[in-house]
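These are the residues of each chain, in order.
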Amino acid sequence: MQLVIVESPAKAKTIEKYLGSDYRVLASYGHVRDLPPKDGSVNPDEGFAMDWENYPDKAKQLKAITDEAKKADRLILATDPDREGEAISWHVQEVLRGRRALPKDVQRVTFNAITKATVTEAMQHPRELDEDLIDAYRARRALDYLVGFTLSPVLWRKLPGAKSAGRVQSVALRLIVDREREIEAFVAQEYWSVAATLEQDGTSFTARLVKWNGDKIDRLTIGAEGDAMKAKADVENGRFTVQSVETKPATRNPPPPFTTSTLQQEAARKLGFSASHTMRIAQGLYEDGAITYMRTDGVQMDGSAISAARNAITNRYDASYVPDKPRMYQSKAKNAQEAHEAIRPTDFAKDRAGSGDHARLYDLIWKRAMASQMASARMERTTIDLADGTGRHGLRATGQVVIFPGYLALYEEGQDDEADEESRRLPRLRDGDVPAKRDVTAEQHFTQPPPRFSEASLVKRLEELGIGRPSTYASTIQVLKDRDYVRVEKNRFFAEESGRLVTAFLERFFERYVSYDYTAGLEDELDEISGGRAQWQAVLEAFWRDFKPRTAEVMEFKPSEVTAQLDQFLAPYLFPEKADGGDPRLCPNCGQGQLALRGGKFGAFIACSNYPECKYTRRFAQAGAQGEDTGPEGLGKDPATGLEVERKSGRFGPYIQLGEGKDAKRASIPKDIPELDLEWALKLLSLPREVGLHPESGKPITASIGRYGPYLAHDGKYARLQSTMEVFETGMNAAVVKLAEAAANGGRPARGSQAPLKVLGAHPRTEAEIKLMEGRYGAYVTDGTTNATLPKSIDKDALTLEEAAQLIDARAAAAPAKGKRKAAKKAPGKKKAAPKKVKANS
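Not measured: the values here are computed from a predicted model. (Residues numbered from 1 in each chain as written. Predicted model: local features only at pLDDT ≥ 70, side-chain atom pairs only at ≥ 80, totals over all residues. Heavy atoms only, no water.)

## Side note on the pairing of strand β28 (residues 717–720)
In this structure, strand β27 (residues 709–714) lies alongside β28, joined through four bridges in antiparallel fashion. Bridge assignment links Tyr 711 to a residue of β28, and that residue is Arg 720. In textbook terms, the turn of a hairpin is the stretch between consecutive antiparallel strands, and for β27 and β28 this stretch comprises two residues, one of which, Asp 715, has a positive phi near 50 degrees. (Pairing = 2+ DSSP bridges. Helix = DSSP H or I, 4+ residues; strand = E, 2+ residues; numbered from the N terminus.)

In structure tokens, the structure reads:
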């Protein structure tokens, strides 16, 4: 028997169909082990020895692989054809070796597409595990571990509220923060454009002013309304004659087929997909055999695929759409071992595959791959220059005509931002023509700051800088979101305060390690290891030699010293110059103290130097960003106590406070309150509210708002409410029913009523929606059919969709069949024995 190991059960099921009965195909469900999240997992003093630990949730799967391996004559490791795939194969081999279950014959097989022909062909050409790729994986994993587990503790101790730092993650965050700084520093410049609407033979067109009073006009030349009005009058009064008509042929060549990063970019532009969603959908298409492997830097296609594409183009259009020679694209990947074929359909005759988002992404991949082998588009670009009688003023009209669409008949690449290219149709004009003037306009404009990054443009920028690798971009971006370092609005990244503070800390104290050039250089060194041109431990030694002393040096600083240095570093951001020339650090509350950055238990904030006499504070934010921050907002006085009720901002958002000092009463402000006033504030401060006495127990039922939202409480039992309004409106009958429903569900709300902690997305293989829930025994994930408890090794705040899917798959695979469960219940003997076992174990 021959045992084949792949990553996913869907892939295993497909491949097992292609191979004979002598083959047994099992899935590892991704990585089977990793470095445990604790100090000492990588030991620099012992040649960077790594202490690997099996994932607890993979125990049953590893046992199944081990049992089959003991019976197998040959082990075929057929994981994905990239660095991570090589690593998974190596891990499986090492686990089996440690359990003395490794067959004598171990071979590595890779294939770029899951089709019968490709898989069976690959089985005929096995190879050994690629030690260079494995070394590169170990170096990358060790680097990420050493940065994370050395730098993150420094952050926690010196920068309260910071969550983590990472080798690539922190540099990607810096890109977003740097763009935010550019936008804030940008000073808009006014300029005017003057244009005339002209008409010839019934066709109107627009010509813009390019020459005025004998001088050439650039975009910013006319900067004031007065000059614009004079220029407009000159155009209105002039009689413009065509001076020249210049027509030039132009050609546009098709883009190459997709790589991982270009697929992520285009799916974001055209389909609105996040990078992680794109990769999840592409994984499904790959495992279904519809496309080739989706993690690649290569743009080349196999010769047989090129022939198939050319045939499909001929069948769909005609011979004129097929170039005389096949188009050959050159990969820019530095490591030939990882420069796989581009992402393309496995069958160009299939223009549809899957449904929903799978169908939309497949359509994009199919069109791009087809277009890459189509003829170039041929165009005609026309420029018409007109001048008035004096020759001192000139207009210009430009346009473009598509003569032959070529690949544009099928596909046109998207743009991150609006392009300025003019593609207007122009009437036929000759020298000496005088088109009729219909209107003249003068429009005011302002220069615009650089746009914030979208997922597409961020991925593009990371790739341009050589930071990270395309296969890691999706997870890197997701970490930034999960850590709340950034937020996404209208598909654009905004840097959060926490993200800006972490970036400032790293720039001030670890500038080298968040520099773009240094990080890109490390990636080059990892590629050198992959290519067998560098030794992985030597690369790690060179990094560690400088990094470790620097972290030790920063760890010696007192938190107050760190805060003082950050106060100076961030001064232009925290205390921007005022328009009236006043002191930007002057306290707006007392008018005497100086504002400065302070560190607290829950993060950084701005406070007055006259504390405690002046208690002015504000969150870590730029005062000038959204108007002057004037500190606490008075809502009025409490009629019962006469104390002031104030609205304030804290680490966890806005809250209200009654009184001062230790006796002050505080309450968070729920997001579903439409408009906070004194009445609402007093209601929130009065919580918990007693609904009444339970008719059965005689004990009070209360309604309040807690960490997870509004709820009812009675005798140590709880029931969740859906809104803040329900806290004040729920009556006795409704409260008793809700508590009873929650009790019937093991202390949880009635099925379907419990709000998830987070919706992670669609399962990569079943497409069922996966949710993160809070259960009686801790957090768990569910797809509506299978529930899987989160192992202690997994932080629920950092849980990814793929990790959740793997937990659910493993739980489903481990569960006994329904028929077996029913049979066990019907068996009299087992039924009697069960209570004794339970009693003995309790």
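More follows now that the structure is in view.
## A few points about the packing of aromatic side chains
Counted under the stated rule, the structure contains 17 aromatic pairs. Between Phe 509 and Phe 557 the ring centres are 5.7 Å apart and the planes differ by 50 degrees, which places this aromatic pair in the tilted class. Placement of the pair is Phe 509 in helix α14 (residues 497–509) and Phe 557 in the loop between α16 (536–555) and α17 (559–569), with a sequence separation of 48 residues. With centroids separated by 5.9 Å and ring planes inclined at 85 degrees, the aromatic side chains of Tyr 513 and Phe 543 adopt a geometry described as edge-to-face. In this pair, Tyr 513 is assigned in the loop between α14 and α15 (516–530) and Phe 543 in helix α16, connecting sequence segments 30 residues apart. Classification of Phe 543 as buried rests on a relative accessible area of 3%. Members of the aromatic cluster, joined through ring pairs, are Phe 505, Phe 509, Phe 510, Tyr 513, Tyr 518, Phe 543, Trp 544, Phe 547 and Phe 557. In this structure, Arg 219 packs its charged tip against the face of Tyr 191, placed 5.1 Å from the ring centre. Directly above the ring of Phe 510 sits Arg 550, whose terminal nitrogen or CZ lies 5.9 Å from the centroid. (Phe/Tyr/Trp six-rings, centres within 6.5 Å; stacked < 30°, edge-to-face > 60°. Buried < 20%, exposed > 50% of the residue type's maximum accessible area, 1.4 Å probe, protein only. Lys NZ or Arg CZ within 6 Å of the ring centre and 35° of its normal.)

## Some thoughts on helix α4 (residues 116–123)
For α4, the set of buried residues is Val 119, Ala 122 and Met 123. One face of α4 carries all of its buried residues, which in axial projection span an arc of 105 degrees. Contact partners of the buried residues in α4: β1 (2–6), α1 (9–18) and β7 (74–77). (Arc of directions from axis to C-beta. Contact = heavy atoms within 4.5 Å.)

## Description of the sheet that holds strand β2 (residues 23–27)
If you walk across this open sheet you meet the four strands as β2-β1-β7-β8, and the pairing is parallel. Across the chains shown, the open sheet's two edge strands, defined by having one partner strand only, are β2 and β8 (105–108). With strand direction ignored, the average angle separating the axes of adjacent strands in the sheet is 20 degrees. Summarising the sheet, β1 and β2 pair through five bridges and their orientation is parallel. When the sheet's bridge partners are listed, Val 4 is paired in β2 with Val 25. (Axes fitted to C-alpha atoms, helices over the stretch in contact; angles between N-to-C directions.)

## A closer look at the sheet that holds β28
Taking strand neighbours across the sheet as the criterion, the four strands line up as β25-β26-β27-β28 in an open arrangement whose pairing is antiparallel. Two strands in the sheet have a free side with no partner beyond their single neighbour: β25 (689–693) and β28. Looking at each pair of strands side by side, their axes are set apart by 25 degrees on average, direction ignored. The sheet contacts of helix α21 (residues 732–744) involve β25, β26 (700–706), β27 and β28, and relative to β28 the element is tilted by about 105 degrees.

## A short note on the confidence of the model for the protein
Per-chain confidence: the protein averages 85 in pLDDT, with 90% of residues scoring 70 or above. Taken element by element, the predicted model of the protein shows its lowest mean pLDDT in helix α24 (residues 828–841) (39) and its highest in helix α7 (residues 225–237) (95). Here residues 622–630 is a poorly scored stretch, pLDDT under 50, and it has 12 contacts once near neighbours within four places are set aside; other chains count. Scored below 50 in pLDDT, residues 749–753 shows seven contacts in the model against residues more than four places distant or in partner chains. (pLDDT = per-residue confidence, 0-100.)

## Comments concerning unusual backbone geometry
For the bond running from Leu 687 to Pro 688, omega is 5 degrees, close enough to zero to count as cis. For Pro 688, the position within the fold is in the loop between α19 (678–685) and β25. Phi is positive for Asn 213, close to 55 degrees, though the residue is something other than glycine. The topology assignment puts Asn 213 in the loop between β10 (203–212) and β11 (215–216). A relative accessible area of 32% places Asn 213 in the partly exposed class. Of note in the backbone geometry, Asp 484 takes a positive phi value of approximately 60 degrees without being a glycine. Tracing the chain through its elements places Asp 484 in the loop between α13 (470–482) and β16 (486–489).

## With respect to a negative patch on the surface
On the surface, Asp 22, Asp 73, Asp 105 and Glu 128 cluster together into a negatively charged patch. Structurally, the position occupied by Asp 105 is in strand β8. (Patch = residues over 30% accessible without salt bridge, like charges linked within 9 Å, V, L, I, M, F, W, Y side chains within 5 Å. Areas by Shrake-Rupley, 256 points an atom, 1.4 Å probe, with all protein chains shown as cover. Salt bridge = Lys/Arg side-chain N within 4 Å of Asp/Glu carboxyl O. Lys, Arg positive; Asp, Glu negative; His and termini not counted. Charge placed at Lys NZ, Arg CZ, Asp CG, Glu CD.)

## Some words on the pairing of strand β17 (residues 492–495)
As defined by bridge partners, β16 adjoins β17 across four bridges and the pair is classed as antiparallel. Bridge pairing in β17 places Arg 487 opposite Phe 494. Connecting β16 to the antiparallel partner β17 that follows it, the hairpin turn spans two residues, and Lys 490 within it adopts a positive phi of roughly 50 degrees.

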